[in-house]
Amino acid sequence: PQLLVNGTGGIAVGMATNIPPHNLGEVVDCCVALIENPELTIEEMMDYIPAPDFPTGGEIVGVSGIRQAYRTGRGKLRIRARAEIETEKEHERIVVTEIPYQVNKEQMVGNIRDLMHERRIEGISEVNDESDHAGMRVVIDLKKGASAHVVLNQLYKHTQMQTTFGVIMIALVDNEPRVLNLKQILVEYLKYQREIIVRRTRFDLEKAEKRAHIVEGLLKALDSIDEIVALIRGSQDAAGPARGIGF
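Just so it is clear, the model here is predicted, and its values are computed rather than measured.

Basis of the calculations
- Residues numbered from 1 in each chain as written.
- Predicted model: local features only at pLDDT ≥ 70, side-chain atom pairs only at ≥ 80, totals over all residues.
- Heavy atoms only, no water.
- Helix = DSSP H or I, 4+ residues; strand = E, 2+ residues; numbered from the N terminus.
- Rg over C-alpha atoms; globule rule 2.2 N^0.38 Å.
- Buried < 20%, exposed > 50% of the residue type's maximum accessible area, 1.4 Å probe, protein only.
- Contact = heavy atoms within 4.5 Å.
- Areas by Shrake-Rupley, 256 points an atom, 1.4 Å probe, with all protein chains shown as cover.
- Lys, Arg positive; Asp, Glu negative; His and termini not counted.
- Charge placed at Lys NZ, Arg CZ, Asp CG, Glu CD.
- Pairing = 2+ DSSP bridges.
- Phe/Tyr/Trp six-rings, centres within 6.5 Å; stacked < 30°, edge-to-face > 60°.
- Lys NZ or Arg CZ within 6 Å of the ring centre and 35° of its normal.

A. Region of the structure containing the overall build of the protein. Counting secondary structure elements, the protein contains eight helices and eleven strands. Relative to the compact-globule value of 18 Å for 247 residues, the protein shows a C-alpha radius of gyration of 32 Å, a clear excess of over 25%. With the C-alpha coordinates of the protein rotated into their principal frame, the extents come out at 110 × 40 × 35 Å. By the burial criterion, 32% of the 247 residues in the protein qualify as buried. Considering only contacts in the protein between residues 6 or more positions apart, those separated by 24 or more positions represent 56%. For the protein, the accessible surface area stands at approximately 16000 Å², while carbon and sulfur atoms represent 50% of it. Separation of charge centres in the protein, based on 30 positive and 36 negative side chains, amounts to 4 Å.

Laid out in structure tokens, this is it:
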């Protein structure tokens, strides 16, 4: 189920697809459950796949968008950066450890600095990117007396610390584009896997039958081994006459 696991996005003539990435283990578990119970509902499938799994982290705000996307194939997900408020002496600071999917960290930090210098967001004294090999860490230091919760809400409103991911699950089914819900995507995947297994098994069977035909000939040759050896020894050339031996 690469469409769900890897996610995909693209634009064609008059249509677009935008499928978010998902956790591999969750999708595989859901496929197994769907094989065991083809009547599984989308709500029951969400016990296995509760939400998309974005590689950059962040938090999905609310579940209504997820449910709509899984039921209809279309929906909007609101994604927020994961941020914590820390207190150092008399000052507070906001520490961002995860950002929304497809957001460029450098651009986001630059945007916050621009808003700080333009005084569109009051209360920020400094912004530093302290990310290293251990992980992401963007530190937003606040001025004395500034409310961290107020500043954080302003950051969600005016920067890419909060974004919207529009889900449109369009895929080709029998060479025709269709909007698919969660169950339809996995049903089509399982149909494809059944077809692959049948074709692979038929190929292996044909290969085995051809091999069996050769083995049967060799077994018949063993029944006349003395005659065959004598014929080969009496041959005038390396190829030897093959005529006169009836299998």
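Once the structure has been displayed, the description carries forward.
B. Spotlight on the pairing of strand E5 (residues 82-88). Strand direction decides the pairing type here: E5 and strand E6 (residues 91-98), joined by seven bridges, are antiparallel. From the neighbouring strand, Glu 86 faces E6, where its bridge partner is Arg 93. If you look at the hairpin formed by E5 and E6, you'll find two residues sitting between the two strands, and Lys 89 has a positive phi there, around 55 degrees.

C. Layout of the packing of aromatic side chains. Across all of its chains, the model carries three aromatic pairs by this definition. On the basis of an interplanar angle of 45 degrees and a centroid distance of 6.1 Å, the ring pair of Tyr 101 and Phe 165 is categorised as tilted. Taken together, the positions of Tyr 101 in the loop between E6 and helix H5 (105-117) and Phe 165 in strand E9 (residues 162-168) put the pair 64 residues apart, joining distant regions of the chain. A residue is classified by how much of its surface remains accessible, and Phe 165, at 5% relative accessible area, is buried. Aromatic rings pair up to connect Phe 54, Tyr 101 and Phe 165 into one cluster. Taking NZ or CZ as reference, Arg 80 lies 4.5 Å from the ring centre of Tyr 156, over its face.

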